[in-house]
Amino acid sequence: MVPPFDDRQRDRSSEPLPDSIQLLRSLVRAVDSLASDFDVVELCQQLLEACTEVTGATDAGLLLADQRGELQVLASTNESARLLGLLQHEGPSLDAYRSRTAVSAPDLRADGALWPEFAHAAAAAGYLCTYAVPLRLHRDSIGALTGLAGSAAALGQLDLRIGQILADIAAIGIAQHVLRAQDATIQAQLPTALNTRVAIEQAKGVLAERGDQDMDRAFQIMREYARATGRRLTDIAGDIVEGRIDLRADAAE
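What counts, and where the lines are drawn
- Residues numbered from 1 in each chain as written.
- Predicted model: local features only at pLDDT ≥ 70, side-chain atom pairs only at ≥ 80, totals over all residues.
- Heavy atoms only, no water.
- Buried < 20%, exposed > 50% of the residue type's maximum accessible area, 1.4 Å probe, protein only.
- Helix = DSSP H or I, 4+ residues; strand = E, 2+ residues; numbered from the N terminus.
- Pairing = 2+ DSSP bridges.
- Axes fitted to C-alpha atoms, helices over the stretch in contact; angles between N-to-C directions.
- Contact = heavy atoms within 4.5 Å.
- Salt bridge = Lys/Arg side-chain N within 4 Å of Asp/Glu carboxyl O.

Draft legend 1. Quick look at helix 4 (residues 92-99). Where burial is concerned, most of helix 4 is hidden: six out of the eight residues are buried. Listing the buried residues of helix 4 in full gives Pro92, Ser93, Leu94, Asp95, Ala96 and Tyr97. Two residues or fewer past helix 4, Arg100 is found with a positive phi of approximately 65 degrees.

See the structure below:
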């Protein structure tokens with residue numbers, strides 16, 4: 001495993017916080033949403049978008065462990081099958097989750113021996129640099145946030161710190177979403193959050209097929225509709241699958 005960041009990476013720890021206003025706004029929105037009956041997938045989407053806006057990451061994904069300890073994608077900045085598959089490859093996400101510490105590969109061409117299949121798939125998808133940080137709840141790890149960049153050494157120590165802050169907020173949000181009883185354990189209830197993603201995946205497929213759109217565009221249509229109506233993504237997903245709402249006009253735009 002590569003140490004979190006080695007001397008091949010640029011040290012940005014003394015630099016001013018990039019896009020600090022944007023980051024603060026994202027954090028305020030996230031904290032504000034936790035005080036209400038929030039949409040956990042939308043919260044994670046906003047945190048991932050903040051990750052790519054204020055760090056060197058091109059794309060990012062948030063993965064949650066299921067009851068078998070296998071990581072499943074809960075949210076990502078791009079809904080392409082290539083990115084979703086890459087995030088679930090055995091590699092940085094799984095290592096960060098299992099070790100409960102940050103891991104990185106500043107240059108996947110040089111560090112490919114760590115995760116050979118992941119490195120090959122990442123290069124094919126246009127990514128040369130990656131890091132992953134654990135989703136932490138007290139001493140437990142419940143998943144990972146992974147950032148990917150298209151150029152080597154594009155992600156520095158400040159990016160890692162920002163990623164961990166965003167991951168910590170996501171973990172708190174997920175815990176608040178899934179814990180329903182005083183005696184419930186987070187591990188026992190995590191499938192609740194993953195089931196939310198399953199419903200959204202089904203609706204994406206239906207909308208993509210009906211509107212002749214790719215999965216990423218279908219997901220964006222769902223999010224836009226959710227924001228416009230003030231409804232949860234999960235509820236909208238159920239309505240799409242059951243045929244109670246028809247967003248084909250939006251998909252055709």
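Once you've had a look at it, read on.
Draft legend 2. Summary view of the sheet that holds strand 2 (residues 71-76). Spatially, five strands are ordered 2-1-5-4-3 in an open sheet, and the strand pairing comes out antiparallel. With partners counted over all chains shown, the strands left at the sheet margins are strand 2 and strand 3 (103-105), one partner each. The sheet shows a mean angle of 20 degrees between the axes of neighbouring strands, taken without regard to direction. The pairing of strand 1 (residues 59-65) with strand 2 spans five bridges and is antiparallel. Bridge pairing links Gly61 to Ser76 in strand 2. This element, helix 2 (residues 40-54), spans strand 1, strand 2, strand 4 (129-137) and strand 5 (140-149) of the sheet and lies at about 75 degrees to strand 2. Across the sheet, helix 4 lies against strand 1, strand 2, strand 3, strand 4 and strand 5, angled at about 150 degrees from strand 5, the strand it touches most.

Draft legend 3. Structural detail: the environment of Ala152. Take Ala152: it is sitting in the loop between strand 5 and helix 6 (157-178). Considered as a pair, Ala152 and Arg109 are 43 residues apart in the sequence and their alpha carbons are 8.6 Å apart. Not counting residues up to four positions away in its chain, the partners in contact with Ala152 are Pro106, Asp107, Arg109, Leu128 and Cys129.

Draft legend 4. Local environment of the pattern of salt bridges. Per the counting criterion, the structure on display carries 14 salt bridges. Measuring nitrogen to oxygen at the nearest pair gives 2.7 Å for the salt bridge that ties Glu42 to Arg223. Highlighted residues: Glu42 in helix 2 and Arg223 in helix 8 (residues 215-229), separated in sequence by 181 residues. One salt bridge in this structure joins Lys204 and Glu79, with 2.4 Å as the shortest N-O distance. Note that Lys204 is positioned in helix 7 (residues 186-211) and Glu79 in the loop between strand 2 and helix 3 (81-87), a separation of 125 residues in sequence. Via salt bridges that share partners, Glu42, Glu49, Arg223 and Arg227 belong to a single interconnected network.

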